[in-house]
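Below, each chain spelled out in residue letters.
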Amino acid sequence: APAFAQGEGHDVTLGELNLEIEGRSAEDVVMTAEEFEQAREIYFERCAGCHGVLRGGATGKALTTDLTRDLEYDYLHSFITYGSPAGMPNWGTSGELTEEEIDLMARYLLLDPPTPPEWGMPEMLDSWKVTVAPEDRPTEKMNDIDIENLMSVTLRDSGEIALIDGGTYEIQAIIKTGYAVHISRISASGRYLFVIGRDARVNMIDLWMEEPANVAEIKIGIEARSVETSKYEGWEDKYAIAGAYWPPQFVIMDGETLEPKKIVSTRGMVYDDQTYHPEPRVAAIVASHYRPEFIVNVKETGKIMLVDYTDLKNLKTVTIDAERFLHDGGFDASLRYFLVAANARGKIAVIDTKEDKLIALVETEGNTPHPGRGANFVHPDFGPVWATSHLGDDTISMIGTDPEGNPDNAWKMVQNFTALGGGSLFIKTHPNSNHLYVDAPLNPDAETSASIGVFTISDMKAGEDPEFVTLPIGEWAGIDDGQPRVVHPEFNKEGTQVWFSVWNAKDKVSAIVVVDDKTLELVEVIKDERLITPTGKFNVYNTQNDIY
Ligand code: DHE
């Protein structure tokens, strides 16, 4: 813990900042060192993802002290309590932060943020563990699990994943991982599962073992969100890559052991005004199917790096100027084009991964596009499209993705329509489905945040707002304690059933609800005391093959 609440050699008082807070005097310190440490932790867990460790802003507003001291304590206090329709959660009224914690955070924001330490090769090697060496692993699949239909489910607040059978709904394993696992990705062969925690711990799980378990792990930084593995022909399972929020960097690792091979810093110039940015965080990473490359999206500088992994010593990288605040995205149905949201700029950047070029920057009409990996389907009038929902409002935007068959619609926003409400994070369909599912977990209204909107694709018409039906997934889960949010639709392998997480507080009952895709009827409610705060779910086959 720092000796002082602010690194200026003394505890800063309210008087020194000319701040008046009801019930406190000018001689009072803004906060004690102990409070500072507690606030730093809350900031890391709840705020840094959107606002940045150095508080430069991205999905959330900048919170540097030149701004916060003008806004003043009362404003910060009420903003944290009530949130905003543009995506700031209502930490107070939702009960997620207590009144004391909100007061603490409002005061914390008046002080300069501490800079966390660097994390280079020595730290990575220190944290690297191979628990089962490649030569000690099975040479064939040793279990009778239907691996392709497994779901890897993030148990956010218990620091675990659950492997659940997509056919029988049985929990096959609960595996300890990093704090608040963010995503799961699958190796090209389908054998290895990689997960990354918010604390930047990468776990590698061997699905062939009699009981799937960790075989290697490493911590690649202090804070992270993305992991992926090489998928190009001839390079299957050869490398893994993980991207960090802090320090801003990515690392390419051996695909069998996670041995760190090459660390690349992403600090540098913002693409447009070419000023230096100290914290350009690594957002989504995908593996190209057209070249031996990783596609690394750098948030604050707005650059997309196409990193050729064939020669790590003579690393060739194509760096594309795209747009600031790149966040999440996915491929089109042909897997040739990659679409990524520059979310705080309301744009989608489209990369042709065959030609290694930016081919379009499409403006969506909604506020803050948040596609997850997006949804691909064939629209009756527009042909193949990719769709995203939005964090800041209820808009769904569709972009044409077929330059050969439907050139007039290609890389244009062909239509916007509305779903349940703002606060949407994910949208999903499957090649075998005629439905498009949209969530709204961050909507301030409890009923909306516990529901899913469903559109029928074959009924969609150019120029007409499609109707949708609302599935009361939260109600179907039968949980009467807390205020669970319904998040992240994910299909089973066949595309016949769709799973939703009913995400409740850590000490309350959560569930997974499975729905029949044809009839939209409830199939199963999976409840188990081990299912603590389920959020993302990743079907092995669909994730391995980028089907969404
Ligand atoms: Fe995520 C994907 C970052 C909050 C669940 N999230 C991603 C990706 C990034 C990201 C960069 C893309 C990874 C990739 O494809 O390689 N997420 C962030 C944040 O910075 C943010 C806004 C704030 C934070 O503090 O983390 C954030 N995310 C959340 C949540 O609160 C969610 C709902 C619950 C949770 O588990 O933390 C959440 N994020 C997810 C999920 C995906 C994801 C389920 C993967 C979607 C997919 O289908 O691929």
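If you're wondering where the values come from, they're calculated on a predicted model, not measured in any experiment.

## As for the coordination of the iron atom of the ligand
- What the protein offers the iron atom of the ligand as a donor is a single atom, H182 (NE2), at 2.0 Å.
- On the secondary structure map, H182 appears in strand β5 (residues 181–186).

## Quick notes on the side chain of S184
- By secondary structure assignment, the location of S184 is in strand β5.
- A distance of 2.8 Å separates a polar atom in the side chain of S184 from a polar atom in the side chain of S152.
- If near-sequence neighbours (up to four positions away) are discounted, S184 is found in contact with S152, L193, F194, V195, F538 and T543.

## Structural notes on helix α4 (residues 99–108)
- Among the 10 residues that make up α4, 7 are buried, leaving the element largely enclosed by the rest of the structure.
- Within α4, the full set of buried residues consists of I102, D103, L104, M105, A106, R107 and Y108.
- Those residues of α4 hidden inside the fold are in contact with α1 (33–51) and α3 (73–82).

## Side note on the pattern of salt bridges
- The tally for this structure, following the rule as stated, stands at 26 salt bridges.
- Between D157 and R156 there is a salt bridge whose closest N-O contact spans 2.7 Å.
- Note on D157: relative accessible area 25%, which makes it partly exposed.
- A relative accessible area of 15% means that R156 is categorised as buried.
- Linking R201 and E217 is a salt bridge whose minimum nitrogen-to-oxygen distance equals 2.9 Å. Here E217 lies in strand β8 (residues 213–219) and R201 lies in strand β7 (residues 201–206), a separation of 16 residues in the sequence.
- Among the residues examined, E217 registers a relative accessible area of 15% and is labelled buried.
- Each of the salt bridges in this network shares a partner with another, and the network as a whole consists of R24, E35, D103 and R107.

## Focus: the sheet that holds strand β18 (residues 316–321)
- Sheet architecture is open: 4 strands sit in the order β15-β16-β17-β18, paired in antiparallel fashion. Looking at strand neighbours, the two that pair on one side only are β15 (282–287) and β18, the edges of this open sheet. Looking at each pair of strands side by side, their axes are set apart by 20 degrees on average, direction ignored.
- Relative to strand β16 (residues 293–298), β15 runs antiparallel, the two being bridged by 4 bridges. Bridging across to β16, V286 finds its partner in I295.

## Considering the environment of K231
- Inspection of the secondary structure puts K231 in the loop between β9 (223–229) and β10 (239–246).
- Its relative accessible area of 9% is what places K231 among the buried residues.
- Spatially, the C-alpha atoms of K231 and I186 are 9.8 Å apart, while their sequence positions differ by 45 residues.
- In contact with K231, other than residues within four places in its own chain, are I186, A188, E236, A287, S288, H289, Y309, T543, Q544 and D546.
- Within the structure, the side chain of K231 is placed 3.1 Å from the backbone oxygen of Q544, a separation counted as a polar contact.

## Considerations on the site of the ligand
- The environment of the ligand is formed by 22 residues, the closest being H182, R198, Y245, R373 and H488.
- The contact in question runs from an oxygen atom of the ligand to an N or O atom on the side chain of R225, over 2.8 Å.
- Within the contact set of the ligand, an oxygen atom lies 2.8 Å away from a side-chain nitrogen or oxygen of T535.
- Only α1, β5, β9, β15 and β35 (534–539) provide two or more residues apiece to the shell around the ligand.
- Its residues assigned to classes, the shell around the ligand comprises 10 nonpolar, 7 polar and 5 charged.

## Things to note about the UniProt feature "domain: Cytochrome c" (unreviewed entry) in the protein chain
- Sequence positions flagged by UniProt for "domain: Cytochrome c" (unreviewed entry) are, in local numbering, residues 34–113.
- Across residues 34–113, the secondary structure splits into 56% helix and 0% strand, with the terminal C-alpha atoms separated by 15 Å.

## Some details on the pairing of strand β17 (residues 303–308)
- Burial within β17 is extensive, with 6 of its 6 residues counted as buried.
- Alternating residues of β17 divide into K303, M305 and V307 and I304, L306 and D308, and every residue in both groups is buried.
- Taken together, the 6 bridges between β16 and β17 define a ladder with antiparallel strand orientation. Bridge pairing in β17 links I295 to L306.

## Concerning the pairing of strand β11 (residues 249–254)
- Among the 6 residues that make up β11, 6 are buried, leaving the element largely enclosed by the rest of the structure.
- By the bridge criterion, 6 bridges tie β10 to β11 in an arrangement that is antiparallel. Residue pairing in the sheet places I241 in a bridge with I252 of β11.
- Counted along the chain from β10 to the antiparallel partner β11, the turn is 2 residues long.

## Regarding the sheet that holds β5
- The sheet built from 5 strands is open, its strands ordered β1-β8-β7-β6-β5 with antiparallel pairing. Whereas interior strands pair on both sides, the edge strands pair on one side only; in this sheet they are β1 (129–130) and β5.
- Where β7 lies against β8, 6 bridges are found, and the strand directions are antiparallel. Of the residues in β8, the one forming a bridge with M204 is A216.

Rules of the game
Residues numbered from 1 in each chain as written. Predicted model: local features only at pLDDT ≥ 70, side-chain atom pairs only at ≥ 80, totals over all residues. Heavy atoms only, no water. Donors = N, O, S within 2.8 Å, 3.2 Å for Na, K, Ca; no water. Helix = DSSP H or I, 4+ residues; strand = E, 2+ residues; numbered from the N terminus. Polar contact = N/O pair within 3.5 Å; in protein donor to acceptor, adjacent residues only side chain to side chain. Contact = heavy atoms within 4.5 Å. Buried < 20%, exposed > 50% of the residue type's maximum accessible area, 1.4 Å probe, protein only. Salt bridge = Lys/Arg side-chain N within 4 Å of Asp/Glu carboxyl O. Pairing = 2+ DSSP bridges. Axes fitted to C-alpha atoms, helices over the stretch in contact; angles between N-to-C directions. Near = heavy atom within 4 Å. Nonpolar A, V, L, I, M, F, W, Y, C, P; charged D, E, K, R; others polar. UniProt positions renumbered as here; feature names shortened; annotations may be inferred.

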